[in-house]
Amino acid sequence: MEIRDRDFQREVLESELPVLVEFWGSWCPPCQKEKYILEKLREEYKDRIKIVTINVDRNPRVAYRYRIKCVPTYIIFHRGEAIYSDIAAKSEDQLREMIEKALGKIA
Amino acid sequence: MKLHNAHKTCWNCPAAILKGNVDFRACGQSLEAIRQRIEREGLLIECARLPDLGHFEPTITFEECPEWRPTKYGYLLENMRVMILGIDGYLGWTLALKLGALGCEVSGVDCFLRRKMVRELGADSVVPIYPMEERLKAAKEVLDIDIKFRKINILDREKLGQFMREVQPEAIVHYGEIPSAPYSMIDCDHAIQVQYNNVIGTLGLLFLMKEICPEASLIKLGTLGEYGAPLTGRPLFEGLFPADAILRWRGREWSLGGELTPRDPVSFYHVSKVQDTFNIYEACKYWWLRSYDVMQGVIYGVHTDEVAADPRLRTRLDVDEWFGTVVNRFVAQAILGMPLTVYGEGEQIRGFIALEDAMECMVRLISSPPEPGQYDVVNQVSGLYKVSELAETVARVAAEFGYDVKIQRVENPRVEADYHPFEVVSTKLPNELGFTPKVPLEVEIRRMFELLTQPHIVERIKKVAHLIRPRTWWSGEKRVVETLEVYRPGTRRRRGFKPKLITDRERFPTSKMEEVERAVEALGEGGDGDKG
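Residues numbered from 1 in each chain as written. Chains lettered and ligands numbered in written order. Predicted model: local features only at pLDDT ≥ 70, side-chain atom pairs only at ≥ 80, totals over all residues. Heavy atoms only, no water.

## Overview of the nonpolar core
Residues and elements named next belong to chain B.
- Counting 136 residues, the largest nonpolar core has Leu95, Val327 and Leu452 as the members making the most contacts within it.
- It is helix H10 (residues 355-367) that provides the largest number of residues to this core, a total of 8 residues.
- Apart from the residues lying within four places of it in its own chain, the contact partners of Leu452 are Val126, Val127, Leu317, Val331, Ile335, Ile457, Val458 and Ile461. (Core = buried A, V, L, I, M, F, W, Y, C linked by side-chain atoms within 4.5 Å. Buried < 20%, exposed > 50% of the residue type's maximum accessible area, 1.4 Å probe, protein only. Helix = DSSP H or I, 4+ residues; strand = E, 2+ residues; numbered from the N terminus. Contact = heavy atoms within 4.5 Å.)

What follows is the structure, given as structure tokens:
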């Protein structure tokens, strides 16, 4: 699910579930491809974590706020706080590992 | 009913003025003035076509925008300004007429290098083509199309830049390259000529686009030959590795998704195309230009409705060893009564597409610009065939026209594997751009026989008959290849690998794409879209 600056508060910061946000750019081919994997994981993890994407050029306010310096950047939020972040495109298994690690912190 | 590009927005539109409004590279390379404005007012852009809108949020879809009109190929900008480099060529002229018929404002440049090169080799187009002045006049008389033409060599950046400033293109189709592997292998001078013209011409164009029309999309003709034919059997993906490709090494793994796939060009000409690929990829990255790199299969055929409308509108057709593609050469040989020349074992597999289908793909790509900074690749191919299979098909159709055709295997002057696996992925055109191939191989070959058997064309084919059999060896040797075997069609057992064309889509389970998919199915054979 692609979100925008104006949705960020509601969809991410006020979310009941933890949220994985992928910051991406249209000029980043690995970001373009990673969306396919995130779609798959979104369904699989839907009860445990929300997965959203946000384009850094179209949504500069959020990108500025979190000082995004490269894409893809992943930040996992829980109760409005960034609890985990990582950079660089990942394989499906690596994304899974990242999610589990972050969820482990919450538990 | 939704057209394939209905959901695209201002971000894809060349009329959206992004430069000066958008802080690309939020990752630390921002322009402070833009940044401050965005912090204050939010992200707002302007429209070059609708200046009265002032500054607005770039969220208008093609379906909603009054400037994008439905056509059977998707929404198309009204009077879209499309510039074709190499407009006098086999593809350039054909596309110019097709776009003109769709209401685009077509402009184009050419320096007639192709005509000159072919004639210097002693050959000529077997379908008569008219001087540009007469072509333009006929386009107006017969199809009511105005084409703005300038005789310009794309290496002359000053003149090309002036013309681009005048036209302000919204899309640029780059056919302005020397398109021949054997021509590049004749000798050092020819290899240098091909690489200089192609690579430097494209590089110069990228700099001009950055300065003059950074929001225009570049549709650049590449070739499937850039990938080669990997003997591992690895599929030829669409330029970039798919999402789930992984590199494993020493117990560790990395995602390859989105990385450029390996290129293994098969001649110095193909090397020039690979170099173009890298230059375009970088330009998109540095300057957020947007481009489709079109990895086109070997093209063949003579027909579109527009070129067939009048003899003066016909596009060129070459059958010599340097500029004639394989199907075009075979048809000419059949008409001459010469056995069709298959190089080596004839088990080489290549991707192919008919002229008419290729033109439709190009229109669809023009109608669906990539996003800012996006370098995208499509494999433009409608079928995979072995060369020997093509010879059999041409022989079969030739028989319908009363020609008794034999096939001959000759020495292979190229350095290529006779037997190899070949698996091609081509999912974007059918699944994201709504393209379905409409011209079966035999149908186009039949059209070719209908045209090329006209007496005045047969006479022209006879004049170049001695130039069909190859004499340009990749080794540098210069001698006509020798015949290894002559056989009758249908008598040779097929061996080797079976090609595989993969057209089903990558996982893309958003409801938006499912909607598009349904619309594509509903469109069927050229149905019209409807706004709202």
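Read on, since the account is not over.
## Here's the deal with the state of the cysteines
- Per the stated rule, a full pass over the model turns up 1 disulfide over all chains.
- In this model, Cys28 of chain A is linked to Cys31 of chain A through a disulfide, with the two sulfur atoms separated by 2.4 Å. As the torsion about the S-S bond is roughly 80 degrees, the Cys28 of chain A-Cys31 of chain A disulfide counts as right-handed.
- Judged by relative accessible area, which is 7%, Cys28 of chain A ranks as buried.
- Cys13 of chain B provides the cysteine sulfur closest to Cys47 of chain B, a residue in no disulfide bond, and the two sulfurs are 6.1 Å apart.
- Since its relative accessible area comes to 11%, Cys47 of chain B is described here as buried. (Disulfide = S-S within 2.5 Å.)

## So, the sheet that holds strand S6 (residues 105-110) of chain B
Residue and element names in this part refer to chain B.
- Taken in spatial order, the 7 strands make up an open sheet running S7-S6-S5-S8-S9-S12-S16, and their pairing is parallel. Among the strands making up the open sheet, the edge pair consists of strand S7 (147-151) and strand S16 (375-380). Within the sheet, the average angular offset between the axes of one strand and its neighbour, ignoring direction, is 20 degrees.
- In this structure, strand S12 (residues 290-296) lies alongside S16, joined through 6 bridges in parallel fashion. If you follow Tyr292 over to S16, its bridge partner there is Asp376. (Pairing = 2+ DSSP bridges. Axes fitted to C-alpha atoms, helices over the stretch in contact; angles between N-to-C directions.)

## Some remarks on the interface of chain B and chain A
- Contacts between chain B and chain A engage 40 residues on the former and 28 residues on the latter.
- Around 2900 Å² of area is buried between chain B and chain A when both sides are counted, 55% of it from carbon and sulfur atoms.
- Here chain B is connected to chain A by 3 salt bridges.
- Scanning the region where chain B abuts chain A turns up 8 residue pairs in polar contact (both at pLDDT 80 or more).
- Where the side of chain B that touches chain A is concerned, the elements lending two or more residues are helix H1 (32-41), strand S11 (252-255) and helix H12 (428-432) of chain B.
- In terms of residue count, H1 of chain B provides more of the side of chain B that touches chain A than any other element does, 5 residues in total. (Buried area = accessible area lost by both parts, 1.4 Å probe. Salt bridge = Lys/Arg side-chain N within 4 Å of Asp/Glu carboxyl O. Polar contact = N/O pair within 3.5 Å; in protein donor to acceptor, adjacent residues only side chain to side chain.)

## Thoughts on the pairing of strand S8 (residues 171-174) of chain B
Residues and elements named next belong to chain B.
- Because side chains alternate across S8, one face comprises the buried residues Ala171 and Val173, and the other comprises Ile172 and His174, equally buried.
- In the sheet, strand S5 (residues 81-85) pairs with S8 via 4 bridges, with the strands oriented parallel. Within S8, the position partnered with Leu85 by the bridge is His174.
- As paired elements, S8 and strand S9 (residues 217-223) share 4 bridges and run parallel to each other. Directly across from His174, in S9, lies its bridge partner Lys220.

Take it as geometry only, folks, not as evidence of what the structure does.
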